[in-house]
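# Descriptive analysis of the structure
Residues per chain are reported as follows:
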Amino acid sequence: MVGRDGADLNENEWIDIVRWFSEHQLRMIHDGAFRVACNLSPDRMAPVVGAGIGRPQIRELAKRLERPYLDFGSLIPANEEARDDASKAAPAAAVALLGSMHLQGA
């Protein structure tokens, strides 16, 4: 919450505020991810998997952590549009894939 009306600032000022919030959020996520990644996998090639609408930020996080980025949608055996939709709803897609594997006897 910024506490301003749209007309209070010009477009460039609003863009600066958005960039600040984005960077602040990414820094908080980076700090937590760095601590977790160091404890989970010392393998520097273990990817950061991005899902949801925040995938561009997660791609940037992977760069900062110096790890490869893997889009969750690329794991879905479907066309590009379905992979994008699945990535936006990753938890539901993961459950559907697990259910599918269970039905196939995997």
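Quick look at the structure, then.

Parameters at a glance
Residues numbered from 1 in each chain as written. Predicted model: local features only at pLDDT ≥ 70, side-chain atom pairs only at ≥ 80, totals over all residues. Heavy atoms only, no water. Core = buried A, V, L, I, M, F, W, Y, C linked by side-chain atoms within 4.5 Å. Buried < 20%, exposed > 50% of the residue type's maximum accessible area, 1.4 Å probe, protein only. Helix = DSSP H or I, 4+ residues; strand = E, 2+ residues; numbered from the N terminus. Contact = heavy atoms within 4.5 Å. Phe/Tyr/Trp six-rings, centres within 6.5 Å; stacked < 30°, edge-to-face > 60°. Salt bridge = Lys/Arg side-chain N within 4 Å of Asp/Glu carboxyl O.

### Comments concerning the nonpolar core
Core analysis: the biggest nonpolar cluster contains seven residues, these being Leu26, Val48, Ile58, Leu61, Ala62, Leu65 and Tyr69. With four residues, the top contributor of residues to this core is helix 2 (residues 55–65). Contacts of Ala62, omitting those with residues within four sequence positions, involve Val48, Arg67, Pro68 and Tyr69. Core analysis: the next-biggest nonpolar cluster, separate from the first, contains five residues, Phe72, Ile76, Ala86 and Ala93 among them.

### A closer look at unusual backbone geometry
Its identity is not glycine, yet Glu66 carries a phi of approximately 55°, on the positive side. Within the secondary structure layout, Glu66 lies in the loop between helix 2 and strand 2 (69–71).

### Re the environment of Gly73
Tracing the backbone shows Gly73 in the loop between strand 2 and helix 3 (80–88). The exposure class of Gly73 is buried, given its relative accessible area of 3%. When sequence neighbours within four positions are dropped, the list of residues in contact with Gly73 reads Arg83 and Ser87.

### Side note on the packing of aromatic side chains
The full count for this structure, using the stated rule, is one aromatic pair. An angle of 80° between the planes, with centres 5.0 Å apart, marks the rings of Trp20 and Phe21 as edge-to-face. Take Trp20: its relative accessible area is 51%, and that puts it in the exposed class.

### Describing the side chain of Arg55
Examined against the element boundaries, Arg55 turns out to sit in helix 2. The residues contacting Arg55, other than those within four sequence positions of it, are Gly50, Tyr69, Asp71, Asp84, Ser87 and Lys88.

### Re the pattern of salt bridges
A side chain with one charge may pair with a side chain of the opposite charge, provided their charged atoms come close. A full pass over the atoms with the stated rule returns eight salt bridges. Arg55 is the salt-bridge partner of Asp71, the closest N and O atoms lying 3.3 Å from each other. Linking Asp71 in strand 2 with Arg55 in helix 2, this pair joins segments that are 16 residues apart in sequence. The shortest N-O distance in the salt bridge between Arg64 and Glu60 comes to 3.3 Å. Remark: Glu60 and Arg64 occur in helix 2; sequence separation between them is four residues, near one turn of the helix.

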